[in-house]
Amino acid sequence: MKDDAIPPANACNGDDRRDPWLLTPGPLSTSMRTKRAMLHDWGSWDSDFKAVTADIRRRLLALIGDAGEYDCVPMQGSGTYCIEAALASFIPRDGKALVLMNGAYGQRAARTLDYLGRDYTVLDKGDYLPPMPEEVDRILSADPSISDVVLIHCETSSGILNPLEGIFSVVERHGRRLILDSMSAFGAIPIDVRKMPVEVIVSSANKCIEGVPGFGFILARKSALQRAEGNSHSLSLDVHDQWRVMNATGQWRFTPPTHTVVAFREALLQHEEEGGIAGRLARYSRNRDVLIAGMREMGFRTLLDDRWLSPIITTFFCPDDENFTFPGFYEALKRRGFIIYPGKLTEAESFRIGTIGQVNETVMRNLLAAIAETIREAGIRNCAPAPGIEPAGTGHSDNSKSSAK
Ligand SMILES: *Cc1c(COP(=O)(O)O)cnc(C)c1O
């Protein structure tokens, strides 16, 4: 995407309203073209809409380099519905999961397993440290009853990019299956299933593909989809049944979010035009680099050590200055046209800034100018965190613990 492809203000279809830029983990700022795709009504049973569904399934499979081993099952609901559907459908009722946890989404996966009544164990790394392949190796060696490993690709609560390749190799070597929550990474971080045949990958419409919310999708080995029959406790979340019916009829089993689906197809076309995953990764990485350089120049500090930073979202510590409050900072930036995101850490005050969606480095520079203006106006002189707070990976001891449910 060219720099001028993104308007200076986030203009809306024809009306005067200017939406603020959504610098969040999704829903995101979307292109006009994607929004315009929603101005038509579609019959969910009609062949034109079935062709759209078939097209997005084909395009998503192409993004992981599938050579015919995988299939794509779109599923109604937000990302969490799709994760729940995947956990319920792919983990056998008598199976046992290992949840690799380092933030809110890992915790949510474990909570989902509680609801489902599936047996599991966790490796909990706290807020900002990645689960490491050696640790997974030790746990799998010690517990042969673990059938499935659940990994969050980019743990959006801190922005950390977890070491997928190393963990995949260990899981594969032990003959277990990897279920990957790639919600906030898919479409921007490459996954090639010819080199890394992950059993199940889950993502949703409103993250790095830059569609609007309303559904997600499960990319799974066909063998896994076959094996999933009868596992799910839920009719509407049964991935196997959705797959079977969709392949037989071309239709979604129950009312699909038709406008969202056609907008998603338009978003996929733009993803391709931008250079696919590589193009998107380049833009998001540039956004992040510009953002972090500018923030550090003002004195802000990132939670994560550089090597764990993702191009998706970055966590910054709140300034240790009596004039700083997050609500005040948030509102001042919103008035200037930028929506940021609160932090999700247990140990220190923080906030997050997303670098995904229809935003480019010009938007990032405008944001930095708005932040500079905001701190000046509020009389904030020190943007660094309280003394003693270290970026993760430099000073912290390893706080991992492995525990059974
Ligand atoms: C966004 C996200 C989800 C799903 O969240 P929803 O609010 O249900 O869309 C799940 N996992 C990760 C890592 C995410 O970033």
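Remember, predicted model here, so these are calculated numbers, not experimental data. (Residues numbered from 1 in each chain as written. Predicted model: local features only at pLDDT ≥ 70, side-chain atom pairs only at ≥ 80, totals over all residues. Heavy atoms only, no water.)

### Re the side chain of Glu155
When you line up the elements, Glu155 lands in strand S8 (residues 154-155). Buried within the structure, Glu155 lacks any salt-bridge partner; Arg352 is the closest side chain of opposite charge, at an N-O distance of 6.7 Å. Contacts of Glu155, omitting those with residues within four sequence positions, involve Asn102, Gly103, Ala104, Tyr105, Gly106, Ile160 and Asn162. (Helix = DSSP H or I, 4+ residues; strand = E, 2+ residues; numbered from the N terminus. Buried < 20%, exposed > 50% of the residue type's maximum accessible area, 1.4 Å probe, protein only. Lys, Arg positive; Asp, Glu negative; His and termini not counted. Salt bridge = Lys/Arg side-chain N within 4 Å of Asp/Glu carboxyl O. Contact = heavy atoms within 4.5 Å.)

### What about the site of the ligand?
Surrounding the ligand, one finds Ser78, Gly79, Thr80, Tyr105, Arg108, Ile152, Cys154, Thr156, Asp181, Met183, Ser184 and Lys207. Burial of the ligand by the protein chains amounts to 86% of its free accessible area of 390 Å². Among the elements of the structure, helix H3 (79-90) and helix H4 (104-116) are those that each provide at least two residues to the shell around the ligand. Looking at the shell around the ligand residue by residue, the classes come out as 4 nonpolar, 5 polar and 3 charged. (Near = heavy atom within 4 Å. Areas by Shrake-Rupley, 256 points an atom, 1.4 Å probe, with all protein chains shown as cover. Nonpolar A, V, L, I, M, F, W, Y, C, P; charged D, E, K, R; others polar.)

### Here we look at H4
Between its first and last C-alpha, H4 extends 18 Å over 13 residues, near the 18 Å set by a 1.5 Å rise per residue. Here H4 has its buried residues at Ala104, Tyr105, Gly106, Ala109, Ala110, Thr112, Leu113 and Leu116. Looking at the buried positions of H4, the neighbouring elements they touch are H3, strand S5 (96-101), strand S6 (119-124), strand S7 (148-152), S8 and strand S10 (177-181). Gly117 sits one or two residues past H4 and shows a positive phi near 70°. (Expected span 1.5 Å × (residues − 1).)

### Section: the packing of aromatic side chains
Under the definition given, this model contains 13 aromatic pairs. Taking the centre distance of 5.8 Å and the plane angle of 45° together, the rings of Phe217 and Phe264 count as tilted. Of the two residues, Phe217 sits in strand S12 (residues 215-221) while Phe264 sits in helix H9 (residues 258-273), which places them 47 residues apart along the sequence. Exposure remark for Phe264: the relative accessible area of 0% places this residue in the buried category. On the numbers, 5.2 Å between centres and 55° between planes, the contact of Phe329 with Phe351 is tilted. Highlighted residues: Phe329 in helix H11 (residues 326-335) and Phe351 in strand S16 (residues 350-354), separated in sequence by 22 residues. Through pairs of rings, three or more aromatic residues link up here, namely Phe300, Phe316, Phe324, Phe326, Phe329, Tyr330 and Phe351. Positioned above the aromatic ring of Tyr105, the side-chain terminus of Lys344 is 5.0 Å from the ring centre. (Phe/Tyr/Trp six-rings, centres within 6.5 Å; stacked < 30°, edge-to-face > 60°. Lys NZ or Arg CZ within 6 Å of the ring centre and 35° of its normal.)

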